[in-house]
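# Secondary and tertiary structure notes
Below are the chains, spelled out letter by letter.
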Amino acid sequence: AQRAKLPGAQTMHRAARGSVLERVYTLVAREEERRSGYHWFLHANMNVFGANDSIDYPRLVLTAGSLQLPFGLRMVAGSAKCAELEWGDNTSTVTAQSTDRLMVAAIFDDEPYQPVVLEGVEACRKDKRGVVNLPEGRWNVAHLYCFFGAADGKRYSPCMYFSICKS
């Protein structure tokens, strides 16, 4: 059963190479004293992969870190074109700055092992809302992993999962 999980986890980790997700994995591995970002990813996610290419997307951990997620992060609207998010202000805490940027990684059902960080997300924590444009394509389900990154790119938050179905 464990051997059936490893190829999926390895494939998804490989797909994150060169993206901000790889940087997140490296930073979190240092924070948690793991040997590498690869080992952190496997440790965090091994149990979400299963036989017959199954993935438990809501339990998948694409990001982690020492930044705090904003209070009450939620999706208020979602369609095949975009997702609208809102959150409360928590910039008075030590682990949250007004300039932290909203970032979104997505996995589409037509490419189930290919997380991509979506471009064009302009929102900062101080904005308390953001719009995430979704690409056109043959996908039917978009799995969204919303997180925040410090302006200097040295700290990231855990992610929160949302999904959107076209139909």
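Scroll up a little and you will see the structure.
A brief structural summary.

Rules of the game
- Sequence order as written defines the numbering, with residues in each chain counted from 1.
- Confidence filtering applies because this is a predicted model: local features only for residues at pLDDT of at least 70, side-chain atom pairs given and counted only at 80 or more, and all residues used for totals across whole chains, interfaces and linings.
- Values reported for side chains reflect all heavy atoms of the structure, with hydrogen atoms and water molecules removed beforehand.
- Runs of H or I in DSSP of at least four residues are treated as helices and runs of E of at least two as strands, each being numbered from the N terminus.
- Polar contacts, as counted here, are pairs of nitrogen or oxygen atoms within 3.5 Å of one another; within protein the pair requires one atom able to donate a hydrogen and one able to accept it, and residues that are adjacent in sequence qualify only if both atoms are side-chain atoms.
- Contact definition: two residues touch when any of their heavy atoms are within 4.5 Å.
- Two strands qualify as a pair provided that DSSP identifies no fewer than 2 bridges between them.
- Axes here refer to lines fitted to C-alpha atoms; in helices the fit is confined to the stretch in contact. Angles between the N-to-C directions go from 0 to 180 degrees.
- Both site types are read off a 1 Å grid over the protein atoms alone. A 1.4 Å probe that fits but cannot get out defines a cavity, while an open set with protein on both sides within 12 Å along at least five of seven lines defines a pocket; lining residues have an atom within 4 Å of a point.
- Grid points are joined across faces, edges and corners, and a volume is the space filled by probe spheres set on the points.

Turning to the side chain of K5, a few remarks are in order. With respect to the helices and strands, K5 occurs in helix α1 (residues 2–15). Side chain to side chain, K5 and N47 meet in a polar contact 3.1 Å long. Contacts of K5, omitting those with residues within four sequence positions, involve M46, N47, F49 and G50.

Strand order across the open sheet formed by four strands is β4-β3-β6-β7, with antiparallel pairing between neighbours. Of all strands in the sheet, those with a lone pairing partner are β4 (116–117) and β7 (160–165), marking the two edges. In this sheet, strand β6 (residues 141–149) lies alongside strand β3 (residues 101–108) in antiparallel orientation, the contact comprising eight bridges. In the strand pairing of β6, I107 is matched with H143.

With respect to the helices and strands, the residue A77 is situated in strand β1 (residues 74–78). For A77, the contacting residues outside a window of four places in its chain are C82, A83 and E84.

Moving on, we get to the sheet that holds strand β5 (residues 129–133). Taking strand neighbours across the sheet as the criterion, the three strands line up as β1-β2-β5 in an open arrangement whose pairing is antiparallel. Strands at the two margins of the open sheet, each flanked by one partner only, are β1 and β5. Each strand of the sheet is rotated relative to its neighbour by a mean of 25°, with strand direction disregarded. Inspection of the sheet shows strand β2 (residues 82–86) paired to β5 by five bridges, in the antiparallel sense. When the bridges of β5 are listed, E84 appears paired with V131.

The subject of this paragraph is the layout of surface pockets. In this structure, the largest pocket encloses a volume near 210 Å³. In terms of lining, the largest pocket is formed by 16 residues, of which the most central are R101, L102, M103, V117 and L118. Elements supplying a minimum of two residues to the lining of the largest pocket: α2 (20–31) and β3. Top contributing element to the lining of the largest pocket by residue count: β3, with four residues.

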